Amino acid sequence: MAGNDWLNSYLEAIIDSGPNVGDARSSLLLRERGYFSPTRYFVEEVITGFDESDLHRSWARASATKSPQERNTRLENMCWRIWNLARKNKQLEGEEAQRVAKRCSDRERGRREVTADMSEDLSEGEKGDTLGDLPATAENVKGRMRRVSSIDVMENWAAQQKEKKLYIVLISLHGLIRGENMELGRDSDTGGQVKYVVELARALGTMPGVYRVDLLTRQVSARDVDGSYGEPTEMLHPVKSENPAHEIGESSGSYIIRIPFGPKDQYISKELLWPHIPEFVDGALVHIIQTSKVLGEQIGYGKPVWPIAIHGHYADAGESAALLSGALNVPMLFTGHSLGRDKLEQLLKQGRQSNEEINATYKIMRRIEAEELTLDASEVVITSTRQEIEQQWSLYNGFDPVIERKLRARFRRDVSCLGRSMPRMIIIPPGMEFHHIAPQDGDMDGEIEGSGVDPSSPDLPIWAEIMRFFTNPRKPMILALARADPKKNITTLVKAFGECRPLRELANLTLIMGNRDDIDEMSSTNASVLVSILKLIDKYDMYGQVAYPKHHKQSEVPEIYRLAAKTKGVFINPAFIEPFGLTLIEAAAHGLPIVATKNGGPVDIHRVLDNGLLVDPHDQQSVANALLKLVADKQLWGRCRQNGLKNIHLFSWPEHCKTYLARIACCKQRHPEWQKPDDGYESSGSDSPGGSVSDIQDISLNLKLSLGDEKNEGSGAVDNYLDSGENAIDGKGKLENAVSMGTPKAASTYKSEHHVGNSKSSALRKRKYFFVIAVDGDGTSDFLESIKKIVETVRQDKSIGSMGFILSTSLAISEIHSLLVSGGLSHSDFDAFICNSGAELYYPSATSEDGTHRLPFLLDSDYHPHIEYRWGGEHLRKTLLRWAASTSDEKGEGPIVSEDKSGSTTHCYVLKVEKPELIPSIKEVRKSMRIQALRCHVIYCQNGNKLNFIPVLASRSQALRYLHIRWGIDLSHIVVFVGEHGDTDYEGLLGGVHKTVILKGVGGGVDKHHAHRNYPLKDVVQFDSPNITQVEGCNSNTIMSSLGKLGILKT
């Protein structure tokens, strides 16, 4: 075969050599039962990184073929396959190198631009600053807590919290979550994260100052899972309270709250949950509002008790927490558990799947975008290890350790951060419950016979289940507890054990790999790993030395650790990368020395406990040597055991929770708040969950464009440690900027009488349905005709009952006014106007135009404080102008994008796209902003002719949630009309509990920029949802037909 003669000859030589050619110089890795294996050498040395099992099967068939001609044909085919694999691997390596180079180039450019803005010399402020070691705040900043640096400080802080009654919301969506008898290992979604969030919720509920903790997850009512997962509420009974004198209230404690979303009768994997996230957010919002109101009646003196923080776990819950945080205006925390970019890097390095294949399997780009959003929204990101910060989070556009250090140095010196911000990365190792653990000395030789402990005792069924595998159950037990997942690297452990004869003579191996009934019913990946392990057991003839029970209960896991400790065994975690390694903590608490991967969290655990050895998980010999050393050296074993037991208290849940609550206290506390005549919060007796809409005249919502008299509550405090005070613009400055940038003039002349009157407020509350017109366009006659047709058609049917209309668009309020006037529509036909892509919210004014400059609209002045979290203000605007200029210069085609002053407001900066064909894609613009630590929501709109920059958590869909919180509008009674295409925030309007009508062939769109999305629209929207219907065109028949399909019209 031309060009591959060397390979063909090599294969021939291997076949001719046979399997028993000895080679004293060959390494242990190249031996099978003491003999050199040329086949294995070929696989490991020539085609390293490829799937050897398939090639080995082809090799076996070729070597068994007697006919020389057939054998040559097989060998030639195999050579071509190897050549193709090598070419594919080379291609993937080249693509990876290009990605890394581009990421480094983009990051360096972002750093230069940030540094150029921050021209002040900070050399002294930056000296000695290392990641994660700096205080969260400056000592002279009001409203913030100083860094917790010792246990004594945390104890003093905890004592001060006893009188507080905090409400905390945790979110973990995927997997099966319940408080007792957790089915850990049942599938890849029900693992360590489930145990972590349940124990965290239970532990927080016992802490001083914490009144209630809600763990929100998915309600699963499928036939193939236990009925307990379908229960809407489950109380987590405390194991041991840290504060026995704490007041027990009617609704106090920790609860699992299961929100129904997604397929009602199916348990689906986390990769399939993405399109259902908005539905969860809407359901969770209803629960939080109702709970806050109930807690307000019990402990808040009539004022709603809002969550002090919303904490998302994993990317799906992180996106949910970000949306809830923005809707409620409360602080957000995030814990990644594992990160998408890191997983993508690892999968690409394996060379077995392309980027497209990985994305199709794992929805990895959807996950990465959600994680980028969590960096935009989170005040605190909790990590388990320093490695997670420095090597994993640093892969993201939204986090740069270098810029973070610069911003933190500026903060310490009380210097402006120029509108830039980054989340605070905090290392808090996971905790563990130790109340049930009583480590015991002794070994099996004396205890089984002398102390009455019988491995076959009915009181310890798991002992009997494990020991039935062993010929000699008294040998030390090497214990591994992990799912049958390739990344857990169990096959390397089995190979190391099988090929090290001294280790096999001294010890047994126990593999606890979750629960299974039938291998054929397992996922293909897990089944493949398990089958490989069973083949290795057979290959090395390890029967009687390896245990692999099919079932165990979560409550039996402590007994498994105890059994291993009694045999003077060792616990091993050989994973390629371990984000933290909670099982290492559990093993140490039971007196087991550890052998663990040197990649990830185990490094930090070992630094604290010093109770074992770290190994390279790719080095089979290193794994075998470490296990043999601990098993054979009893003095080393005893020293590691004692070290672990001595220091294990540092990983208890109380310690974790004290640090956790202290970090929450460092966040600026914010929550929904509506202005009153006396700036106080008044209890509402209405049915509205967030505030009274029964008498807007009485509560004086201050719905006027004048912000000069507005009080900026909390102005004495600063936001997160990088969210400096200059980001919050005072009310007077807002008005002045608004007037200068084209907001309707003479707005400040609106007086207090310009509030929504009693009759209007009563009508808002009594509306049965709200119809939201969000057909995107550029303000042309087609767009206007769609608005008129929808309003006229819906009003004709009296069976709908009382109805209201909301116009939702990217246009400014002045543009909306001109549009309505040109079409002969009255502003009073609508109940609200969501403008500038969700950055502005107006209501119609009862005052008609009287020749002055005033427009007949009232600004909801509570809305801007609600959405301005991390808004860069004028600093962002200056950066955008510089970006626009550089974009034009790079293309060399003249102005490509320019500032649109007439359409801009204080919370929406608008750029006019002069040449849409040359403008960067939406993902590139977002990436550029994130790299420079500027947090904003970027939207291409008006057929791609405008580019809106608004606060990061503001959007048209979020504005609807604000109306729900503010006025009690039922989200399930909202019908949103959209076109077949739309602005780049179009997808946000399609999901949730509201109804959606897609008018095919109607409205404008920015298809070019939608095509540049990192993931398909089906990963965002569930088009087969009963809440979504699609009709052709926009006429009376199709509109009425769509409302009938959605159940709005009576049939």
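Not measured: the values here are computed from a predicted model.

**Points about the confidence of the model for the protein chain**
Item 1. Averaged over all residues, the pLDDT of the protein chain is 80; the fraction at 70 or higher stands at 75%.
Item 2. Low pLDDT, under 50, characterises residues 43–52; the stretch is placed with 16 contacts to residues that sit more than four places away or in other chains.
Item 3. Below a pLDDT of 50 lies the segment residues 442–458, which in the model reaches 27 contacts outside its immediate sequence neighbourhood of four places, other chains included.

**Examining the sheet that holds strand 26 (residues 974–979)**
Item 1. With respect to topology, eight strands assemble into an open sheet ordered 21-20-19-18-17-26-27-28, the strand pairing being mixed. Two strands in the sheet have a free side with no partner beyond their single neighbour: strand 21 (857–859) and strand 28 (1028–1032). On average, each strand axis in the sheet is tilted by 25° relative to the strand beside it, whichever way the strands run.
Item 2. Relative to strand 26, strand 17 (residues 769–773) runs parallel, the two sharing four bridges. Across the sheet, F771 pairs through a bridge with V975, a residue of strand 26.
Item 3. Against the sheet, helix 36 (residues 1036–1045) engages strand 17, strand 26, strand 27 (995–1000) and strand 28, with an angle of about 160° to strand 28.

**Notes on the packing of helix 8 (residues 277–299) against helix 9 (residues 314–328)**
Item 1. Two numbers describe how helix 8 lies on helix 9: the axes approach to 10 Å, and their chain directions differ by 50°. Overall, the two elements helix 8 and helix 9 adopt an arrangement that is oblique. In this structure, the crossing between helix 8 and helix 9 has a hand that is right-handed. In contact with I277, F280, V281, A284, L285, I288 and I289 of helix 8, helix 9 contributes D316, E319, S320, L323, L324, A327 and L328.

**With respect to the sheet that holds strand 5 (residues 233–236)**
Item 1. The strand order 5-6-4-3-7-8-9-10 describes an open sheet built from eight strands, whose pairing is mixed. The strands lining the two open edges of the sheet, one partner per strand, are strand 5 and strand 10 (424–427). Adjacent strand axes in the sheet meet at a mean angle of 20°, parallel and antiparallel pairs treated alike.
Item 2. Bridge count for strand 8 (residues 332–335) against strand 9 (residues 380–383) is two bridges, and the pairing is parallel. For L333, the partnering residue across the bridge sits in strand 9 and is V380.
Item 3. On the sheet, helix 8 packs against strand 3 (166–171), strand 4 (210–218), strand 6 (253–259) and strand 7 (309–313) and is oriented at approximately 160° with respect to strand 4.

**Focus: the environment of Y167**
Item 1. With respect to the secondary-structure elements, Y167 resides in strand 3.
Item 2. The buried category is assigned to Y167, whose relative accessible area is 1%.
Item 3. Between the alpha carbons of Y167 and S292 there is a distance of 8.3 Å; along the sequence they are 125 residues apart.

**Focus on the packing of aromatic side chains**
Item 1. Considering all chains together, one arrives at 15 aromatic pairs under this definition.
Item 2. Measuring from centroid to centroid gives 4.9 Å for Y863 and Y962, while their planes differ by 70°, and the two rings are edge-to-face. Taken together, the positions of Y863 in helix 31 (residues 863–867) and Y962 in helix 34 (residues 956–967) put the pair 99 residues apart, joining distant regions of the chain. No difference in accessibility class separates Y863 from Y962, as the two residues are buried.
Item 3. Every member of this aromatic cluster is reached through a ring pair, and the members are Y769, F771, F805 and F977.
Item 4. If you follow R341 out to its NZ or CZ, it ends over the ring of Y396, 5.3 Å from the centre.
Item 5. The lysine or arginine in question, R366, covers the ring of Y1015, its NZ or CZ lying 5.6 Å from the ring centre.

Calculation notes
- Note that residues are indexed from 1 along each chain, following the sequence as it is written.
- In keeping with the model being predicted, local features are shown solely for residues with a pLDDT of at least 70 and side-chain atom pairs are shown and tallied solely at 80 or more, while totals for entire chains, interfaces and linings include all residues.
- Side-chain calculation: all heavy atoms of the structure are included, whereas hydrogens and water are not.
- Each residue carries a pLDDT value, the predictor's own confidence for that position, ranging from 0 to 100.
- The contact definition used throughout considers only heavy atoms, calling two residues in contact when any of these lie within 4.5 Å.
- Paired strands, as defined in this entry, are two strands with at least two bridges between them according to DSSP.
- To qualify as a helix, a DSSP run of H or I must reach at least 4 residues; to qualify as a strand, a run of E must reach at least 2; elements of each kind are numbered from the N terminus.
- For every element, the axis is a line fit to its C-alpha atoms; helices are fit only across the contacting stretch, and the angle between N-to-C directions ranges from 0 to 180 degrees.
- Orientation categories follow fixed angle ranges, with anything under 35 degrees roughly parallel, anything over 145 roughly antiparallel, 65 to 115 roughly perpendicular, and all other angles oblique.
- Left-handed describes a crossing whose near helix is turned anticlockwise from the far helix by less than a right angle; the clockwise case is right-handed.
- We call a residue buried when its accessible area falls under 20% of the maximum for its residue type, exposed when it is over 50%, and partly exposed in between, using a 1.4 Å probe and counting protein chains only.
- Each Phe, Tyr or Trp ring (for Trp, its six-membered ring) is paired with any other whose centre lies within 6.5 Å, and the angle between the two planes then decides the class: stacked below 30 degrees, edge-to-face above 60, tilted in between.
- We count a charge as sitting over a ring when the NZ of a lysine or the CZ of an arginine lies within 6 Å of the ring centre and within 35 degrees of the ring normal.

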